[in-house]
Amino acid sequence: MSSWRSSRRIWDISQVLRPGLPVWPGDTAFGFERTWRMEDGSPVNVGRIVMSTHSGTHADAPLHYDAAGLDAAGMELDPFIGECLVVDARGVSGEIDVADLPHLGSADRVLFRTWEAFPHDEWRSDWKPIAAETIEWLALQSVKLVGTDAPSVDPQDSKTMDAHKAVARNDMRILEGLVLDDVAEGRYELIALPLKVGGGDAGLTRAILRELRDA
Ligand SMILES: N[C@@H](CC(=O)c1ccccc1NC=O)C(=O)O
Ligand SMILES: [Zn+2]
Ligand SMILES: [Zn+2]
């Protein structure tokens, strides 16, 4: 019997975009409304979305932290597809240091789970950032993408953006706002393509993990 359904399990690691979505303090609230309604006689329902480029699950474009950097539409897609390692960093205190990392194996993408339970309904400022030295060390291991379930790889009050700058120095890519509550530490296939926003400093992402073929 044939089936279009893959036998490999998929984890959707994206936030649900909806009004009330917690956003960075002072940033644009997420808004969704119907502009044409079938109940009003329209042949179709149509909506309008207003949002910050850094709301929900997204990829930072280099332009976010480097004025001369690539925009979201210009980013190559290879970093956003392929083998990744999910690291359970819930036990880490303070920032994520090199000593907190497990053996990476062949993974050249690394995602960090830091929340015990993802804060879907409130903004929390007490996330665990990633140390700049950790980013540098990951770059030395040929890692090209770092992801986190936190809203940023740096602390909320950072003025120097050390982790983002370390990413820039090594031409890596960043995923933020991942939902990793249901994902055990281990190796997966990552697929997280950022939207092609011309001039965008970030791209909204539907991020998934898939069981590896040889898992
Ligand atoms: N670094 C964070 C976002 C960020 O810094 C930010 C997002 C929205 C509004 C203000 C922000 N930062 C500093 O004021 C990120 O990469 O998503
Ligand atoms: Zn961001
Ligand atoms: Zn960022």
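Computed from a predicted structure; not experimentally measured. (Residues numbered from 1 in each chain as written. Chains lettered and ligands numbered in written order. Predicted model: local features only at pLDDT ≥ 70, side-chain atom pairs only at ≥ 80, totals over all residues.)

1. Details of the overall build of the chain
Item 1. Helices and strands together make up the secondary structure of the chain, namely two helices and 10 strands.
Item 2. Ordering the α and β elements of the chain from the N terminus gives β-β-β-β-β-β-α-β-α-β-β-β.
Item 3. Looking at the chain as a whole, 34% of its 215 residues qualify as buried. (Helix = DSSP H or I, 4+ residues; strand = E, 2+ residues; numbered from the N terminus. Buried ≥ 20, exposed ≤ 12 C-beta atoms within 10 Å, placed from the backbone.)

2. Some words on the UniProt feature "binding site: substrate" (unreviewed entry) in the chain
Item 1. Mapped onto this numbering, the UniProt entry gives "binding site: substrate" (unreviewed entry) at Trp24.
Item 2. Tracing the chain through its elements places Trp24 in the loop between strand S1 (10–12) and strand S2 (31–36).
Item 3. In contact with Trp24, other than residues within four places in its own chain, are His54 and Pro151. (UniProt positions renumbered as here; feature names shortened; annotations may be inferred. Contact = placed C-beta atoms within 7 Å.)

3. Some words on the site of ligand 1
Item 1. Taken together, Trp24, Asp27, Ser52, His54, Asp60, His64, Pro151, Ser152 and Glu176 make up the full set of residues adjacent to ligand 1.
Item 2. Residues that form the shell around ligand 1 fall into these classes: two nonpolar, four polar and three charged. (Near = placed C-beta within 6 Å. Nonpolar A, V, L, I, M, F, W, Y, C, P; charged D, E, K, R; others polar.)

4. Re helix H2 (residues 162–169)
Item 1. When we look at burial in H2, the residues that qualify are Ala163, His164, Ala166 and Val167. Projected onto a plane normal to the axis of H2, the buried residues spread over an arc of 160 degrees and lie on a single side.
Item 2. Structurally, H2 contributes buried residues whose contacts are with helix H1 (132–140), strand S7 (145–148) and strand S8 (173–176).
Item 3. Two residues or fewer past H2, Asp171 is found with a positive phi of approximately 50 degrees. (Arc of directions from axis to C-beta.)

5. Here we look at the packing of H1 against H2
Item 1. In the contact formed by H1 and H2, the axes pass within 8 Å of each other and the chain directions differ by 20 degrees. Classified by the interaxial angle, the pair formed by H1 and H2 is roughly parallel. Once H1 is placed against H2, the crossing between them reads as right-handed. Along the contact surface, H1 presents Ala132, Ile135 and Glu136, while H2 presents Asp162, Ala163, Lys165, Ala166 and Val167.
Item 2. Partitioned by chemical class, the residues of the contact of H1 with H2 number five nonpolar, no polar and three charged. (Axes fitted to C-alpha atoms, helices over the stretch in contact; angles between N-to-C directions. Parallel < 35°, antiparallel > 145°, perpendicular 65-115°, else oblique. Left-handed = near helix turned anticlockwise from the far one by under 90°.)

6. Considering unusual backbone geometry
Where the residue is not glycine, phi is negative for most of them; where a peptide bond is considered, it is trans in most cases.
Item 1. Positive phi, close to 70 degrees, is recorded for Ser142, a residue that is not glycine.
Item 2. Relative to the helices and strands, Ser142 resides in the loop between H1 and S7.
Item 3. Positioned with a positive phi, Asp171 is a non-glycine residue whose angle comes to about 50 degrees.

7. Quick notes on the UniProt feature "binding site: Zn(2+) 1" (unreviewed entry) in the chain
Item 1. Residues annotated in UniProt with the feature "binding site: Zn(2+) 1" (unreviewed entry) correspond here to His54, His58, Asp60 and Glu176. Spanning 123 residues, the named residues nonetheless gather at one spot, since no C-alpha pair among them exceeds 8.4 Å.
Item 2. Along the polypeptide, His54 turns up in the loop between strand S3 (46–50) and strand S4 (58–60).
Item 3. Discounting chain neighbours no more than four positions away, the residues touching Glu176 are His58, Asp60, Thr148, Ala150, Pro151 and Ser152.

8. Some thoughts on the nonpolar core
Item 1. By size, the foremost hydrophobic cluster in this structure holds 39 residues, and its most contacted members are Cys84, Val110, Leu111, Ile130, Ile135 and Val146.
Item 2. Among the elements of the structure, strand S5 (81–88), strand S6 (109–113), H1, S7, H2, S8, strand S9 (186–194) and strand S10 (202–210) are those that each provide at least two residues to this core.
Item 3. For this core, the leading source of residues is S5, giving four residues.
Item 4. Non-local contacts of Val146, meaning those with residues more than four positions away in its chain, are made with Val110, Ile130, Ile135, Leu138, Val153, Val167, Met172 and Ile174. (Core = buried A, V, L, I, M, F, W, Y, C linked by C-beta atoms within 7 Å.)

9. Things to note about the environment of Trp123
Item 1. Mapping Trp123 onto the fold places it in the loop between S6 and H1.
Item 2. Since 13 C-beta atoms lie within 10 Å of it, Trp123 is described here as partly exposed.
Item 3. Along the primary structure Trp123 and Leu193 are separated by 70 residues, whereas in three dimensions their C-alpha atoms are 25 Å apart.
Item 4. Contact partners of Trp123, with chain neighbours within four places excluded, come to Pro22 and Pro25.

10. Description of the confidence of the model for the chain
In low-pLDDT regions, the fine details of the predicted coordinates are not to be read closely.
Item 1. Averaged over all residues, the pLDDT of the chain is 96; the fraction at 70 or higher stands at 98%.
Item 2. Scored as a whole, the predicted complex attains pTM 0.95, and scored at its interfaces, ipTM 0.92. (pLDDT = per-residue confidence, 0-100.)

11. A short note on the environment of Leu140
Item 1. By the secondary structure assignment, Leu140 is in helix H1.
Item 2. Residue class for Leu140 comes out exposed when judged on the 9 C-beta atoms lying within 10 Å of it.
Item 3. Counting along the chain gives 30 residues from Leu140 to Asn170, while the straight-line C-alpha distance between them is 9.1 Å.

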